[in-house]
Amino acid sequence: MTVLITGATGFIGRHLCAHLTRHHQPVLALMRQPAKLSELRQQVSTLGGQGELVDAIAGDLDAPGLGLTSALPNDITAVVHLGARFAWAMDPAVARKTNVEGSLAATELAHKLGVRMVFISGFMLENRVHLERLGIKLANLSDTDWEQVYQQAGSYEASKLEGALKSREYAVARDMDWVEVQPATLTGSTATGELDTAQPLFQMIDNLNHGRMALIPGSPEHWLPLVSVDTLVSIIAAAISAPTPPERILALDPATPNLKGLLALMAAPLGVKPPAYHIPSKLLAWLLKIPGLATKLNTAPESLHFIQPTRFDTTSSCAFMEGQGITLPPIHQVVQSNARWYREKVLT
Ligand SMILES: NC(=O)c1ccc[n+]([C@@H]2O[C@H](COP(=O)([O-])OP(=O)(O)OC[C@H]3O[C@@H](n4cnc5c(N)ncnc54)[C@H](OP(=O)(O)O)[C@@H]3O)[C@@H](O)[C@H]2O)c1
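These numbers come from a predicted model, not from an experiment.

Turning to the pairing of strand β1 (residues 2–6), a few remarks are in order. In terms of burial, β1 is a largely internal element, 5 of the 5 residues being buried. Because side chains alternate across β1, one face comprises the buried residues T2, L4 and T6, and the other comprises V3 and I5, equally buried. Judged from the 5 bridges that link them, β1 and strand β4 (residues 76–81) form a sheet pairing that is parallel. Within β4, the residue paired with V3 across the bridge is A78. Assessed by its sense of winding, the connection that carries the chain from β1 through helix α1 (residues 11–22) to strand β2 (residues 27–31) is right-handed.

Rendered as C-alpha cells:
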C-alpha cells in the first residue's frame, strides 16, 4: 500500500515522508526532477524516516495530466496534495497554473484511482469574514470575480483559495473520499528547531533579528496562527489512515500568542529588543507601496493578510486530534527553539 504525494520535496513534504516511512508506510513522490530522489531519501533518513521507502515518479503540476508518462503502481491508497508554487508578487497566470489547475489535476487523479484525497489548503479557508471581504461567493463559486480576488489578496493566497474551493467543489460533486487539512503558518521542528529558510516564520525571525520589524503590524488582537510541522504531519498521517476523518481539519494551535507576544518570544533568544508599538495593517500595506520599501523591509504587502484578528473554532479538529492521540507541543517552546536554531545555525 503506497501513498502518492505531490510536493514531497518541500518543507512539509520532507517531514511527512519521514513520519510516514518511520511508520513503515511506502511513499511515491511525484517529482519534477526525479533524479533528485537520492537527495530526498537522504533528507528523509536524516529526519528520522526510512529513505529507502520513498520512490519517485516523474510529474509536473503545470503539465497536462500532471505530466505522468509512466504507469502508476496499482497499490496506491491515497493521494496527498502538498505541491504548490509559493512566492509573493507572483504573476496570476503562473500561480493559477500550478495552484489551481495543478490542484484540480491532482484531485482528478485521486478520483480516477478511486482513492482518498488528502488536500492541503490553508487556515484562511476558515476565515469566512475575510473570504466575504475578498468577494468569494461560497454558495455559488462561479459568481466569484476571481480577477478581483487576485488583485486584492495577491496571487499566492488567491490561487490557494481558488484551487482549494474548486477542488472541493469537484470532489463534492463526485462524492469523493475527501479530507482537507488546513494548516496555519508552520513553525520548524519541535525536536531540533530547524526551519526552512523559505518559510514565512523564518523570514519573520530574520526580519526581527535585522531590525526590520520596528513596529508590530495590526493591533493587540492581531495574531499569526501557528502549527508545528511535527503536529501537522501527524494530522496528515491520521487524515490518510483514519476510517472516517472530518472533511476539513484545521491544523492550528489556538494557544499561539498575539503577534506582539510572538515577537517577544522570538526576540529573547536572539538577544534583540522586540517592537513595542503597533502600526495599523492598512497603513503599513499602504507604506509598503512606496518604491523600494517592501524590499528594504523584506515584507510583501500580501503577507500581512495572514496576520489577522479572527479567532477560529478548532473544536472538531481538536476532537479528531485527541481521538488520534495527537497532542500539541507548547507553542512558545517551539518558536523559541526555532529562534535559537536560527541564532546557532544561521548566524554562526
Ligand atoms: N508553509 C506554510 O506555512 C504553509 C501554511 C499553510 C499551507 N501551506 C501549504 O502546504 C503546502 C506545502 O507547503 P511547503 O511549505 O512545504 O511548500 P514548499 O516547501 O514551498 O514546497 C513546495 C513543493 O511543491 C512542489 N512544486 C512546486 N511546483 C510544482 C510543480 N509545478 N509540479 C510539481 N511539484 C511542484 C515543489 O517541488 P520542487 O522540489 O520541484 O520545487 C515542492 O516539493 C502548500 O500547498 C502550501 O500552500 C503551507
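Still more ground to cover, so stick around.
One number sums up the size of the second largest pocket: a volume of about 750 Å³. Taken together, 26 residues make up the lining of the second largest pocket; nearest its centre are H130, R133, S281, K282 and H305. Broken down by secondary-structure element, the contributors of at least two residues to the lining of the second largest pocket are α4 (128–133), α5 (146–153) and α10 (281–287). The residue inventory of the lining of the second largest pocket, partitioned by class, reads 11 nonpolar, 11 polar and 4 charged.

Right, let's talk about the site of the ligand for a bit. Taken together, 22 residues sit near the ligand, with T9, R32, Y156, K160 and Q199 positioned nearest. Note that an oxygen atom of the ligand is positioned 3.0 Å from one of the backbone N or O atoms of L186. Out of a free accessible area of 900 Å², the ligand has 84% covered by protein chains. Counting only elements with at least two residues in the shell around the ligand, the list comes to α1, α6 (155–173) and β7 (185–187). Each residue belonging to the shell around the ligand can be placed in one class, and the counts come to 10 nonpolar, 8 polar and 4 charged.

Bringing the nonpolar core into the picture now. Core analysis: the biggest nonpolar cluster contains 74 residues, and I5, V80, V181, M204, I236 and M266 have the highest contact counts within it. If one sorts the elements of this core by residue count, helix α8 (residues 229–241) sits on top with 9 residues. Not counting residues up to four positions away in its chain, the partners in contact with I236 are I12, L16, V80, L82, V118, I120 and V181. Formed by 34 residues, the second largest nonpolar core is a distinct cluster that contains L109, V115, I136 and L141.

What follows is about α8. Counted at 1.5 Å a residue, the expected span for α8 with its 13 residues is 18 Å, and the 19 Å between its end C-alpha atoms agrees. With 10 of 13 residues buried, α8 lies mostly within the body of the structure. All of the buried residues in α8 are V229, T231, L232, V233, I235, I236, A237, A238, A239 and I240.

As a further point, take the sheet that holds β2. Pairing is parallel in the open sheet, where 7 strands are placed in the order β3-β2-β1-β4-β5-β6-β10. Either end of the sheet is taken by a strand with one partner, and the two such strands are β3 (54–58) and β10 (248–251). Within this sheet the neighbouring strands show an average axis-to-axis angle of 20°, counted without direction.

Okay, the side chain of N127 next. Tracing the chain through its elements places N127 in the loop between β5 (116–120) and α4. Owing to a relative accessible area of 2%, N127 belongs among the buried residues under this scheme. Side chain to side chain, N127 and T310 meet in a polar contact 3.4 Å long. Discounting chain neighbours no more than four positions away, the residues touching N127 are Q308, T310 and F312.

Here the focus is the packing of aromatic side chains. What the rule picks out here adds up to 10 aromatic pairs. For the ring pair F123 and F312, a centre distance of 5.6 Å and an interplane angle of 75° mean the geometry is edge-to-face. In this pair, F123 sits in the loop between β5 and α4 while F312 sits in the loop between α11 (293–297) and α12 (315–323), placing the two residues 189 residues apart along the sequence. The buried category is assigned to F123, whose relative accessible area is 2%. Judged by its relative accessible area of 12%, F312 is buried. Members of the aromatic cluster, joined through ring pairs, are F86, W88, F123, Y156, W223, F306 and F312. Over the ring of Y170 we find R174, and its NZ or CZ is 3.7 Å from the ring centre.

What follows covers empty space enclosed by the protein. This structure, assessed with the given rule, holds 1 cavity of 30 Å³ or more. The space that makes up the largest cavity amounts to roughly 60 Å³. Among the elements of the structure, α3 (92–113), β5 and α6 are those that each provide at least two residues to the lining of the largest cavity. Among the elements that make up the lining of the largest cavity, the one with the highest residue count is α6 (3 residues). The residue inventory of the lining of the largest cavity, partitioned by class, reads 5 nonpolar, 6 polar and 1 charged.

Conventions adopted
Residues numbered from 1 in each chain as written. Predicted model: local features only at pLDDT ≥ 70, side-chain atom pairs only at ≥ 80, totals over all residues. Heavy atoms only, no water. Buried < 20%, exposed > 50% of the residue type's maximum accessible area, 1.4 Å probe, protein only. Helix = DSSP H or I, 4+ residues; strand = E, 2+ residues; numbered from the N terminus. Pairing = 2+ DSSP bridges. Right-handed = clockwise from strand over helix to strand, strands pointing away. 1 Å grid on protein atoms, 1.4 Å probe; cavity = no way out; pocket = protein on both sides within 12 Å on 5 of 7 lines; lining within 4 Å. Points joined across faces, edges and corners; volume = space filled by probe spheres on them. Nonpolar A, V, L, I, M, F, W, Y, C, P; charged D, E, K, R; others polar. Near = heavy atom within 4 Å. Polar contact = N/O pair within 3.5 Å; in protein donor to acceptor, adjacent residues only side chain to side chain. Areas by Shrake-Rupley, 256 points an atom, 1.4 Å probe, with all protein chains shown as cover. Core = buried A, V, L, I, M, F, W, Y, C linked by side-chain atoms within 4.5 Å. Contact = heavy atoms within 4.5 Å. Expected span 1.5 Å × (residues − 1). Axes fitted to C-alpha atoms, helices over the stretch in contact; angles between N-to-C directions. Phe/Tyr/Trp six-rings, centres within 6.5 Å; stacked < 30°, edge-to-face > 60°. Lys NZ or Arg CZ within 6 Å of the ring centre and 35° of its normal.

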